[in-house]
Each structure stands twice: as C-alpha cells, then as structure tokens.
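Tertiary structure, described
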Amino acid sequence: MSDIKALIERRERLLGPGNPLFYDDPVHLVRGEGVWLYDADGRKYLDCYNNVPCVGHCHPRVVDALCKQAGTLNTHTRYLDEHILDYAERLLGKFDASLDRLALACTGSEANELALRMAKLNTGGEGFICTNATYHGNTAAVAQLNSIFEPFEGYGEHIRMVNWPDPYRAKYELEGNALADAYADEVRHAIESFDEAGIKFAGMIVCPIFANEGLPNVPEGYMEKAVGHVRDAGGLYIADEVQAGFGRTGEWWGHTSSGVIPDILTLGKPMGAGHPISGVVARGELLDEYRSREMYFNTYGGNQVSCAVGLAVLDVIEKEGLVENAASVGGYVLQEFRRLQAKYGIIGDVRGRGLFFGIDLVKDRATKAPDAAAAKRVVNELRNRGILMSKIGEHDNVLKLRPPLCFAKENADQLCATLDEVLDAL
Ligand code: PMP
C-alpha cells in the first residue's frame, strides 16, 4: 500500500509547503497509458483532466521518437540542423499564411514572456490588457497578467483587466451583439485609460477560448470587436493558445472559430505531450524586427529531442485523426452533459468546445449563485470512483474536463454514468 501521509510529509520537508496537490485524498500515480493513469496500488483512473499528454499518456510513437533522438544527438540551436526546420515547416503549415515565423522555448510562461517582449519592441508601448480571471504563467512580467492568483508585488500601472466575455452571468443586461459590444467596449475604455495615464498601449493577450476564466460561450462578434479596438489603437493581439491549441477544441487552434487571426500566438502544454516545448508563432515582420534588435537564445528551446518529439506529436494527431475525434466525441459528451443538466438542477450551465468542457454548478438556477462547495465535492467523489478531473473559473465552481484527445465514446459513457451517480448522491 502506498503511504500517502509519509509522501506528503516528505514532499513538504523537501519542497516546502504550498505546492498544490489535487484532491482531499491525493493520488500517487506511477504509470500512464492512453487515457488511463495507474496509482501505486495498481488502481486505474480514467483521465478526464490532462491536456498535456494530448495524444494519450506515454504514446509509443512519441516515446520512441524521444528515445531515438536522445540516443543520437541533442545540443541546441547554434549549429545547423534540420530538426528545427522540419518542425517549423510542419507547424507553421497549420496556421494562416500570415503567421510565418516560429521561435521555440520550453514553457508556456516563457512563450508568453517572449510574446510580450515582441509586442513591446514592435509597438514601443508597455500597456497590456488581459481579462480579470486568467492565468498566463509565472515569470515576473507574465505574473502581472495573472488575475486568478495576484502576484505578491501587486499589479503595475501598465496592466488593465477587462471582464471576460461571460454571457451566462453577464455583467450587462444585454444579449447577442449588444452584449458583445458592451464587453468589447471595456477594451476600448481600457485603452483610453492608458492614454489618460500617459502609458503607451502595446496589446491585448487573451486565451482565445477563455479557458481559465471558465470556458464561456463567447458572445458572437466579441473577438472581432475587441481586437478591432486593439488594432485601431496600434496594439497587437496576442492569442495564448497554450491550453486551446493542438486540436483541443475540435479544430487545430482555439482562435480559428472566432475568425480573428492573431498577430502573435503562443503555444505550450500539448505541444510536446509532456516534454517541455513551447513556442511563439508570429507575423514575420514582428519576429524579424524583434530578432534584429534583441538577441534571443533559449538553451533548450528547439533542441533536437524537442523537435523530434514535437514532430511525433503532430504525426500522431494527424494519423490518428485526433482533431476530428475531439470534435465528434466532444460533441457526444456535450450532448450527454446536457442530458444530465436536464436531470439535475445543480447544473446551471454546460459549456464545451471539442474535448474541453465546463460544467457550471449553481445553488439555484434562477440566481445562478455559484456552488463552489458542490464542485469540490463532485471532483473528490469522482476521484474516489476512478475518474480524474478538476474545477476552475472565477467562482471556482466550474467542473473542468479536458481528457487526452484519444478519449473514446466508451470512455465518455463511463464518465457520464459515474458523474450521474455522483450528482444523484449529492
Ligand atoms: N497560458 C495558459 C493559458 C495556461 O493555462 C498556462 C498554464 N496553466 C500557461 C500559459 C503557463 O504555462 P507553463 O506552466 O508551461 O509555463
């Protein structure tokens, strides 16, 4: 039997307190395969949470590519080498033709840091807009954008936070286009307030599906209008695709369905299926201008192993039709969640994009009062029944599910049946 208490004590002694752990009864994992995770006692869990191993845990093709390359050559990008070029060609081929340059790094935070620097250098500005319930990473500059966890030093004058475009608990008594206008106007007002404060505006950074905010059904036209205001003021639109990218939404990229092509976008998490690779994709002139004025080198970013892994991830997504799978199984899950919504009043709202879901739990459907305590209970109860997921959102009441993209219909049935049991027992 795994001694959970002893592990937690050891962890705190060595790593200090405050390292977040999931669940009241934390899980001690030792192995993963496909959509399954196994604990130290041999218990099997259906993974409905992890978006990083997008192709499934320990996919043999990815493991093989990693091992082969690690046994052949792994240096950095200051020698001529085809791996990074092959990867850049394949990856850039998946974006709009205007997005034709790539820089590689290791974490989503680093990618966002680089995107901010590129935006500052190209615009000469320093003011950034983000939403009021987000997370973009952990460097000093990027932490300034984190509204879920306030940085210890507080926020600088160069940051403005706008409400995320939530139609469910809308901040305005409006609907449709008018609601989209009202949320987008906040962006315009934020830009005006930069002007008043004498701070030059650089751009807006948002996750194109507002994943950390709670995955809203973004009011139609919002992105077009918000980005219109940004561009009118000479700013750049940075799309943080760290969570939304690589097929998660049933399309390759989260920004696609909005119809608005970013100036710069950042990639991470699923890019290496667990191996640390991240990237910035940008319009050529933006990256070229940046590179002509600042030396950017990342010791591990773009090394041969990372690129071999990145290529293998693209191969698997394509060969196994995982984008299409995210769309079709995702559609099925969403329909099943809606069935549960009809059955249980505690489900106020169900939202989904591909294999990314948010189930908004409420104390009362009429008032939409968030039920964070119930969300916590459901997450723990599901864990006890062998299903791993978590919760998120401005009110911490939204069940958050993002299984590996190889999630099958039978996995969906197990998830929905178990969720049904747990909700019934609440
Ligand atoms: N952007 C988004 C949208 C994220 O959700 C995260 C991590 N949760 C990051 C950036 C930061 O990525 P990393 O932890 O790899 O630095």
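Given the structure is predicted, the values throughout are model-derived calculations rather than measurements. (Residues numbered from 1 in each chain as written. Predicted model: local features only at pLDDT ≥ 70, side-chain atom pairs only at ≥ 80, totals over all residues. Heavy atoms only, no water.)

**Points about the packing of aromatic side chains**
Any aromatic ring pair is given by two values, namely how distant the centres are and how the planes are angled relative to each other. Inclusion rule: Whether two aromatic rings pair depends on their centres lying within 6.5 Å, for rings of Phe, Tyr and Trp, where Trp uses its six-membered ring; planes under 30 degrees apart make the pair stacked, over 60 edge-to-face, and the rest tilted. A run of H or I in DSSP becomes a helix once it reaches four residues, and a run of E becomes a strand once it reaches two; helices and strands are each numbered from the N terminus. Per-residue accessibility, obtained with a 1.4 Å probe over protein chains only, is compared with the maximum for each type, and a residue is labelled buried under 20%, exposed over 50%, and partly exposed between these values. Ring-over charges, as used throughout, are those where CZ of Arg or NZ of Lys falls within 6 Å of the ring centre and within 35 degrees of the ring normal.
Scanning all chains against the criterion turns up 11 aromatic pairs. Centre to centre, the rings of Tyr135 and Phe149 are 5.9 Å apart; their planes meet at 85°, and the pair counts as edge-to-face. With Tyr135 in the loop between β5 (127-131) and α5 (140-143) and Phe149 in the loop between α5 and β6 (159-162), this pair connects stretches of sequence that are 14 residues apart. Given the relative accessible area of 31%, Tyr135 is considered partly exposed. When the centroid spacing of 6.0 Å and the interplanar angle of 65° are considered together, the rings of Phe210 and Tyr222 count as edge-to-face. Within this pair, whereas Phe210 is found in the loop between β7 (201-206) and α7 (222-232), its partner Tyr222 is found in helix α7, the two being separated by 12 residues in sequence. There is no split in this pair, since Phe210 and Tyr222 are both buried. By way of ring pairs, the aromatic residues Phe95, Phe246, Trp252 and Trp253 are connected into one cluster. The cationic tip of Arg31 hangs over the ring face of Tyr38; the distance from NZ or CZ to the ring centre is 4.1 Å.

**As for the site of the ligand**
Selection rule: The criterion for a residue being near a molecule or strand is simple. One of its heavy atoms has to lie within 4 Å of it. The term polar contact refers here to a pair of N or O atoms within 3.5 Å; inside protein, the definition further demands a hydrogen-donor-capable atom paired with an acceptor-capable atom, and it admits residues adjacent in sequence only when both atoms are side-chain atoms. Note on areas: Shrake-Rupley, 1.4 Å probe, and residue coverage restricted to the protein chains presented here. Under the convention adopted here, Pro, Cys and the residues Ala, Val, Leu, Ile, Met, Phe, Trp and Tyr are nonpolar, Asp, Glu, Lys and Arg are charged, and Gly plus all remaining residues are polar.
The immediate surroundings of the ligand are formed by Thr107, Gly108, Ser109, Asn112, Tyr135, His136, Gly137, Asn212, Asp240, Val242, Gln243 and Lys269. Within the side chain of Ser109, one N or O atom sits 2.5 Å away from an oxygen atom of the ligand. One nitrogen or oxygen atom from the side chain of Gln243 is found 2.9 Å from an oxygen atom belonging to the ligand. Alone, the ligand offers 400 Å² of accessible surface; in the complex the protein occludes 83% of this. When residues of the shell around the ligand are assigned to their parent elements, the largest contribution, 3 residues, is made by helix α4 (residues 108-123). In the shell around the ligand, the residues fall into 2 nonpolar, 8 polar and 2 charged.

**Examining the pairing of strand β2 (residues 36-39)**
Note the threshold: Two strands pair under a simple rule: DSSP has to find at least two bridges between them.
Bridge analysis of strand β1 (residues 29-33) against β2 gives 4 bridges, and the strand direction is antiparallel. By the bridge assignment for β2, Leu29 is matched with Asp39. The hairpin turn running from β1 into β2, its antiparallel successor, is 2 residues long, and Gly34 in that turn takes a positive phi close to 60°. Pairing of β2 with strand β3 (residues 44-47) involves 3 bridges; the strand directions are antiparallel.

**A word on the sheet that holds β3**
Strand order in the open sheet made by the 4 strands is β1-β2-β3-β14, with mixed pairing throughout. Each having just a single partner strand, β1 and β14 (387-388) make up the two edges of the open sheet.

**A look at the pattern of salt bridges**
Our working rule: Any carboxyl oxygen of Asp or Glu within 4 Å of a side-chain nitrogen of Lys or Arg constitutes a salt bridge here.
If you walk through the whole model with that rule in mind, you get 28 salt bridges. Taking the shortest distance from any N to any O, the salt bridge between Glu33 and Arg31 comes out at 3.3 Å. In this structure Arg31 comes out as partly exposed when scored by relative accessible area, which is 44%. Note that Arg385 and Glu381 form a salt bridge whose closest N and O atoms lie 3.5 Å from each other. On the accessibility criterion, Arg385 (32% relative accessible area) is partly exposed.

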